[in-house]
Amino acid sequence: DISCSSVNLDSLAPKAGPGSPRFQGTGDLKASVTGRGLQQSQLMQSLAGSGSLKIDKPVLKNMNILRTAFEKMDMLPGLVARLRENLPENYTEVLKQNDTNFKPMNINYTISQGRLLFKEADVESDGFLVKGGGEISLSGDVQISSYVFIAPDLSQAFVKVVKELRFLANEQGMINMPLAISGKAPQVSVGIDRDYVLRKLIVSKGSELLEGIFKKKDTSQDQPQPQPDQSQQDMQNSNAQQKKDGPNDAETLIKSIFDAIGLQK
């Protein structure tokens, strides 16, 4: 049974060069573990158990996660520049910061074969929330799969600039995207699954256009039939005018989908 209070987490991580991302905070750790062997490598690999970690004043130094995610949303041409011009003032200040300040964390984990495993963890900061799970080996290897949820007011600012981004929002109005965190401490990378975002936008936009086409077809069936005194020429002129007034629905759908696919270039 292990219990540690006010542990300086920065002192536990491998030393990194100047300017490299580093996680800092004060941790209270509790664990119940078993292990075998006298050699360090053998003991580490045999560890098994469970525990909890509470972190106060957590800070990721030298990396602004919101800005990193923001800049990686360059899969849509001109998106980043337009978003910067329309951000709420408070988030403009957050993006200028060099670090990421988190709210206090409370994480439950299990230990197996030299790895700390956690299924569900919430990490919250200004402007976003990360939900996910993964593993961190005692040797420093990090592999975490998660989703980043953008705050509702910031998501609303995104949608005002690019309306199609509403397809990435949940019922609470929060834009969410897969976020992968991997590497070996202290060299850890954070990346958005851009292919997922593009597929989501293409499918959602295509479904919306198809739904619109079917609704128009249903409405056309309810159109009044020509009156006895209305000539065939009058009907032909009316149909010709309708075609002139609006583009072909199929053409619109195909063009929109190919335009979206073309954004991957």
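Residues numbered from 1 in each chain as written. Predicted model: local features only at pLDDT ≥ 70, side-chain atom pairs only at ≥ 80, totals over all residues. Heavy atoms only, no water.

## Brief notes about the packing of aromatic side chains
Inspection of the entire model under this criterion finds one aromatic pair. With centroids separated by 6.3 Å and ring planes inclined at 85°, the aromatic side chains of Tyr-147 and Tyr-196 adopt a geometry described as edge-to-face. A residue pair is termed long-range when its members are at least 10 positions apart, and Tyr-147 in strand 8 (residues 141-150) and Tyr-196 in helix 7 (residues 194-221) qualify at 49 residues. Residue classification places Tyr-196 among the partly exposed residues on the basis of a relative accessible area of 22%. (Phe/Tyr/Trp six-rings, centres within 6.5 Å; stacked < 30°, edge-to-face > 60°. Helix = DSSP H or I, 4+ residues; strand = E, 2+ residues; numbered from the N terminus. Buried < 20%, exposed > 50% of the residue type's maximum accessible area, 1.4 Å probe, protein only.)

## Topic: the nonpolar core
Counting 47 residues, the largest nonpolar core has Leu-66, Phe-128, Ile-150, Phe-158 and Met-177 as the members making the most contacts within it. Dropping the residues within four chain positions of it, Met-177 is found in contact with Met-73, Ser-146, Tyr-147, Val-148, Leu-168, Ile-192 and Val-197. (Core = buried A, V, L, I, M, F, W, Y, C linked by side-chain atoms within 4.5 Å. Contact = heavy atoms within 4.5 Å.)

## Digging into the pattern of salt bridges
With the rule as written, the count across this model stands at seven salt bridges. A salt bridge links Arg-115 to Glu-135; its shortest N-O distance comes to 3.1 Å. Taken together, the residues Arg-115 in strand 6 (residues 115-125) and Glu-135 in strand 7 (residues 128-137) connect sequence positions 20 residues apart. Residue classification places Glu-135 among the partly exposed residues on the basis of a relative accessible area of 28%. Between Asp-122 and Lys-131 there is a salt bridge; the shortest N-O distance is 3.0 Å. (Salt bridge = Lys/Arg side-chain N within 4 Å of Asp/Glu carboxyl O.)

## Considerations on helix 6 (residues 152-161)
Of the residues making up helix 6, those classed as buried are Leu-154, Ser-155, Ala-157, Phe-158 and Val-161. For helix 6, the angular spread of the buried residues around the axis is 155°, confining them to a single face. (Arc of directions from axis to C-beta.)

## Notes on unusual backbone geometry
A positive phi angle, close to 55°, is found at Lys-57, a residue other than glycine. Within the element layout of this structure, Lys-57 appears in strand 3 (residues 48-61). Positive phi outside glycine occurs at Asn-62, with the angle close to 65°.

## Concerning the side chain of Asp-10
Examined against the element boundaries, Asp-10 turns out to sit in helix 1 (residues 9-12). Given the relative accessible area of 16%, Asp-10 is considered buried. Reaching out from Asp-10, the side chain makes a polar contact with the side chain of Arg-22 at a distance of 2.7 Å. Beyond its immediate stretch of four places on either side in the chain, Asp-10 contacts Arg-22, Phe-23 and Gln-24. (Polar contact = N/O pair within 3.5 Å; in protein donor to acceptor, adjacent residues only side chain to side chain.)

## Observations concerning the environment of Ala-31
Within the secondary structure, Ala-31 sits in strand 2 (residues 22-34). The class of Ala-31 is buried, set by a relative accessible area of 10%. When the C-alpha atoms of Ala-31 and Ser-52 are compared, they prove to be 6.5 Å apart, with 21 residues separating the residues in sequence.

## Considering the confidence of the model for the chain
Put simply, the chain has an average pLDDT of 78, and 74% of its residues get 70 or more. Scored below 50 in pLDDT, residues 242-247 makes one contact in the model with residues more than four places away or belonging to other chains. (pLDDT = per-residue confidence, 0-100.)

## Quick word on the environment of Glu-120
Mapped onto the fold, Glu-120 is located in strand 6. It is 5.2 Å that separates the C-alpha atoms of Glu-120 and Gly-133, two residues lying 13 residues apart in sequence.

## A word on the pairing of strand 9 (residues 176-184)
Within a regular beta strand, the side chains point alternately toward one face of the sheet and then the other, so they alternate between its two faces. The pairing of strand 8 with strand 9 spans nine bridges and is antiparallel. Bridge pairing links Ser-145 to Ala-180 in strand 9. Examined bridge by bridge, strand 9 and strand 10 (residues 187-192) share six bridges and lie antiparallel to one another. Residue pairing across strands places Ile-181 opposite Val-190, the latter belonging to strand 10. (Pairing = 2+ DSSP bridges.)

## Overview of the environment of Leu-47
Position of Leu-47 relative to the elements: it lies in the loop between helix 2 (40-46) and strand 3. Given a relative accessible area of 17%, Leu-47 falls into the buried group. Here the alpha-carbon distance between Leu-47 and Ser-112, two residues 65 residues apart in the chain, equals 6.0 Å. Setting aside chain neighbours within four positions, we find Leu-47 in contact with Thr-34, Gly-35, Ile-111, Ser-112, Gln-113, Gly-114 and Leu-138.

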